[in-house]
Amino acid sequence: AVFRHTGPGGFVEDVTTDSNGKISFKGLTHGDHTIQEISVPDGYALNTNVIKFNVSDTNKITVQSTATETDTDGNITINFTNQGIAATVENKPAPFDLVINKINNKDMVLAEAEFTLYSDADCRNEIASAYTDDEGRLVFEDLIPYTDYWVKETDAPPGYRIPVDENGNPDVYKIRVESSPVDGTFVFKVALNGQEASYTGTSGQFHINNDVANRQVFMTITNEILGKLPNTGSNMMPIVIGVGAGLIVIAIIASRVGKKKESKGEK
């Protein structure tokens, strides 16, 4: 990790952490100083918090900043020592992208399929929604590792139906990513209808990529083509034709009976 130290009089230096993850800034001049992380190893999110402090003429150090922890910014703790101050900067795993590929049961890509991302299992708290493009693809960006998400199809492409479970409810996928760059692990977990599985491969319906600096996970969701009327070779056609012919005969007889009644009335 690289930290930038800015001091009085326009002084700037960039220092890289050693194999123990440590750096030191010594012989600080009197005045205001800032230290901020500007580069991190692949797989981590940059901590954007800035450490601000002042060194007085009597060498008294006054810390002027307070770190704020967020989904991507780790915590920063500062302790005073006999030699000055010691700061511990936390880096969190970098966000990832969820890529959804939409196809039909004949492996043709499908545009205009809407998917919605939620933060709750009841799918009430919407985070984002998007439609697949002409390549049958959409992306939900900057999702946070170790956070549960739920995603489902909310609008099927024309001529298709939304996939449903055995109770007729739309399929809802619970997804979660667990990332530990220091251990070299990245796991994509997917649960559907109570069945959860973990994926670490780079191919298949659910998979990940190998780019540690730009992590993505992938889902391929299939839509079935809607049913069509029986074709001429179907066993149902004789029945359909027979029923139709019968209705025509009944209509003709009814018409003739009506004409006879009208003739009798004229006499």
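Note that the coordinates shown come from a computational prediction; the quantities given were computed from them, not determined experimentally. (Residues numbered from 1 in each chain as written. Predicted model: local features only at pLDDT ≥ 70, side-chain atom pairs only at ≥ 80, totals over all residues. Heavy atoms only, no water.)

1. Comments concerning unusual backbone geometry
- Even without glycine at this site, Asp 107 takes up a positive phi of about 65 degrees.
- Here Asp 107 lies in the loop between β8 (96-104) and β9 (114-118).
- The backbone phi angle of Asp 142 is positive, close to 55 degrees, even though this residue is not glycine. (Helix = DSSP H or I, 4+ residues; strand = E, 2+ residues; numbered from the N terminus.)

2. Quick look at the sheet that holds strand β4 (residues 50-55)
- One open sheet accounts for five strands, arranged β2-β1-β3-β4-β5; its pairing is antiparallel. The sheet is open, and its two borders are formed by β2 (11-16) and β5 (61-63), each paired with just one other strand. Strand-to-strand twist in this sheet, taken as the mean axis angle between neighbours without regard to direction, amounts to 25 degrees.
- As paired strands, strand β1 (residues 2-7) and β2 are joined by six bridges and run antiparallel to one another. Bridge assignment links Arg 4 to a residue of β2, and that residue is Asp 14. (Pairing = 2+ DSSP bridges. Axes fitted to C-alpha atoms, helices over the stretch in contact; angles between N-to-C directions.)

3. Side note on the side chain of Asp 73
- Along the polypeptide, Asp 73 turns up in strand β6 (residues 73-81).
- In terms of polar contacts, Asp 73 uses its side chain to reach the side chain of Thr 48, at 2.7 Å.
- Asp 73 has contacts with Leu 46, Asn 47, Thr 48, Asn 49, Thr 68 and Lys 92, leaving out every residue within four places of it along the chain. (Polar contact = N/O pair within 3.5 Å; in protein donor to acceptor, adjacent residues only side chain to side chain. Contact = heavy atoms within 4.5 Å.)

4. Observations concerning the sheet that holds strand β11 (residues 137-143)
- Reading across the sheet, the four strands line up as β11-β8-β17-β16 and stay open at both edges, with mixed pairing between neighbours. Edge positions in the sheet fall to β11 and β16 (206-208), since each has one partner strand and no second. Between one strand axis and the next, the sheet turns through 20 degrees on average, direction left out of account.
- One ladder, built from eight bridges, connects β8 with strand β17 (residues 216-223); its direction is parallel. If you follow Lys 102 over to β17, its bridge partner there is Ile 221.

5. Section: the environment of Val 2
- Topologically, Val 2 is positioned in strand β1.
- A C-alpha to C-alpha distance of 5.7 Å links Val 2 and Ile 38, two positions 36 residues apart in sequence.
- Excluding anything up to four places from it in sequence, Val 2 contacts Asp 14, Val 15, Thr 16, Gln 36, Glu 37, Ile 38 and Ser 39.

6. Regarding the nonpolar core
- Core analysis: the biggest nonpolar cluster contains 23 residues, and Leu 98, Phe 140, Val 151, Ile 175, Phe 188 and Met 219 have the highest contact counts within it.
- Elements represented by at least two residues in this core include exactly β8, β9, β11, β12 (149-155), β13 (172-180), β14 (185-192), β16 and β17.
- By size, the runner-up hydrophobic cluster in this structure holds eight residues, among which are Phe 3, Val 15, Val 55 and Ile 76. (Core = buried A, V, L, I, M, F, W, Y, C linked by side-chain atoms within 4.5 Å. Buried < 20%, exposed > 50% of the residue type's maximum accessible area, 1.4 Å probe, protein only.)

7. A closer look at the environment of Pro 170
- The residue Pro 170 is located in the loop between β12 and β13 in this model.
- Contacts of Pro 170, omitting those with residues within four sequence positions, involve Ile 162, Pro 163 and Val 164.

8. Remarks on the pattern of salt bridges
- Tallied over the full model, the rule gives seven salt bridges.
- Note that Glu 153 and Lys 102 form a salt bridge whose closest N and O atoms lie 2.5 Å from each other. Separated by 51 residues along the polypeptide, Glu 153 in strand β12 and Lys 102 in strand β8 bring together distant segments of the chain.
- Of the residues examined, Glu 153 reaches a relative accessible area of 4% and is grouped as buried. (Salt bridge = Lys/Arg side-chain N within 4 Å of Asp/Glu carboxyl O.)

9. Quick look at the side chain of Ser 65
- By the element assignment, Ser 65 lies in the loop between β5 and β6.
- On the accessibility criterion, Ser 65 (19% relative accessible area) is buried.
- A polar contact of 2.9 Å, which involves the side chain of Ser 65, links it to the backbone nitrogen of Lys 52.

10. Quick notes on the confidence of the model for the chain
- Looking at the chain as a whole, its pLDDT mean stands at 88, while 85% of the residues score no less than 70.
- For the stretch residues 247-253, pLDDT sits under 50, and the model shows zero contacts to residues farther than four places along the chain or on other chains.
- For residues 263-267, every residue scores under 50 in pLDDT, and the model assigns this stretch zero contacts once sequence neighbours within four places are set aside. (pLDDT = per-residue confidence, 0-100.)

11. Comments concerning the pairing of β14
- For β14, the tally of buried residues reaches six of eight residues, placing the bulk of the element in the interior.
- With eight bridges joining them, β13 and β14 adopt antiparallel strand pairing. Bridge pairing links Lys 174 to Ala 191 in β14.
- In textbook terms, the turn of a hairpin is the stretch between consecutive antiparallel strands, and for β13 and β14 this stretch comprises four residues, one of which, Gly 184, has a positive phi near 75 degrees.
- Two elements, β14 and strand β15 (residues 195-199), share five bridges in a ladder whose sense is antiparallel. If you follow Phe 188 over to β15, its bridge partner there is Tyr 199.
- In this antiparallel pair of consecutive strands, β14 and β15, the connection spans two residues, and Asn 193 shows a positive phi of 55 degrees.

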